[in-house]
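What follows is the residue order along each chain.
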Amino acid sequence: MTAASASTAGPPILFDALLTPHRSLGPRGFRILMSVVCASFFVIGLGFFLVGAWPVVGFMGAEVLLLFIAFKINYRRARMFESLELTRQSFTVRRVDAGGAERCWRFQPYWLKVEMDDPSRPDAQLRLSSHGRALIIGSFLNVDERRELAAEIRRQLDLLRHAPLTPPEPNPGAE
């Protein structure tokens, strides 16, 4: 998540966060892992081949292929993200899925409620709701990250709701 920032075009941004799924294995680690798996399966497969159990080699190759495909699907899903932006006029959630399709939701921040199911459960969902509409956000985050995000959104909404509507005028006579 990123802190509040200001934008030159349009209303000032009071809160801005980019939510992305966590992936612990980077591209270099993936290459190393696949190299170790391939080398191990080659040595083991060679042993099976030499004792006459040659069909096992084909199944081991299929396992390597399935492992590779599973990682590629995982990396593709890592391209998804959610962008949260709060201004005085709206709270905007922009979601881009793994295929690049984008959806956008806008809420009026003064009526927005931030709700979280039982936060002690690992599958607790973070929900934004307003005027009969609800949206689950951060479903790919762990429960602690969702709890932290909910607290930060509530804090930013409270600051917005209690902030003066117009900045105070400077008083040239007072020193």
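Residues numbered from 1 in each chain as written. Predicted model: local features only at pLDDT ≥ 70, side-chain atom pairs only at ≥ 80, totals over all residues. Heavy atoms only, no water.

(A) Spotlight on the packing of aromatic side chains. Per the stated rule, a full pass over the model turns up 4 aromatic pairs. A ring pair is formed by F30 and Y75, whose centres lie 5.6 Å apart and whose planes are at 80°; its orientation type is edge-to-face. Separated by 45 residues along the polypeptide, F30 in helix α1 (residues 27-50) and Y75 in helix α2 (residues 55-77) bring together distant segments of the chain. Under the relative-accessibility criterion, Y75 is labelled partly exposed at 22%. Site record: aromatic cluster; members linked through ring pairs are F30, F68, F71 and Y75. If you follow R133 out to its NZ or CZ, it ends over the ring of F107, 4.9 Å from the centre. (Phe/Tyr/Trp six-rings, centres within 6.5 Å; stacked < 30°, edge-to-face > 60°. Helix = DSSP H or I, 4+ residues; strand = E, 2+ residues; numbered from the N terminus. Buried < 20%, exposed > 50% of the residue type's maximum accessible area, 1.4 Å probe, protein only. Lys NZ or Arg CZ within 6 Å of the ring centre and 35° of its normal.)

(B) Main features of the pairing of strand β5 (residues 113-116). Only one face of β5 is buried, namely the one carrying V114 and M116, since none of K113 and E115 on the opposite face is buried. Where β5 meets strand β6 (residues 126-130), 4 bridges bridge the pair, whose relative direction is antiparallel. Counted as the bridge partner of K113 is S129 from β6. (Pairing = 2+ DSSP bridges.)

(C) Looking closely at the sheet that holds strand β2 (residues 81-86). What the 4 strands build is an open sheet, ordered β1-β2-β3-β4; its pairing is antiparallel. Of all strands in the sheet, those bounded by a partner on one side alone are β1 (15-19) and β4 (102-107). The sheet shows a mean angle of 10° between the axes of neighbouring strands, direction not considered. Across 5 bridges, β1 lies against β2 in antiparallel orientation. Within the sheet, the bridge partner assigned to F15 lies in β2 and is L86. (Axes fitted to C-alpha atoms, helices over the stretch in contact; angles between N-to-C directions.)

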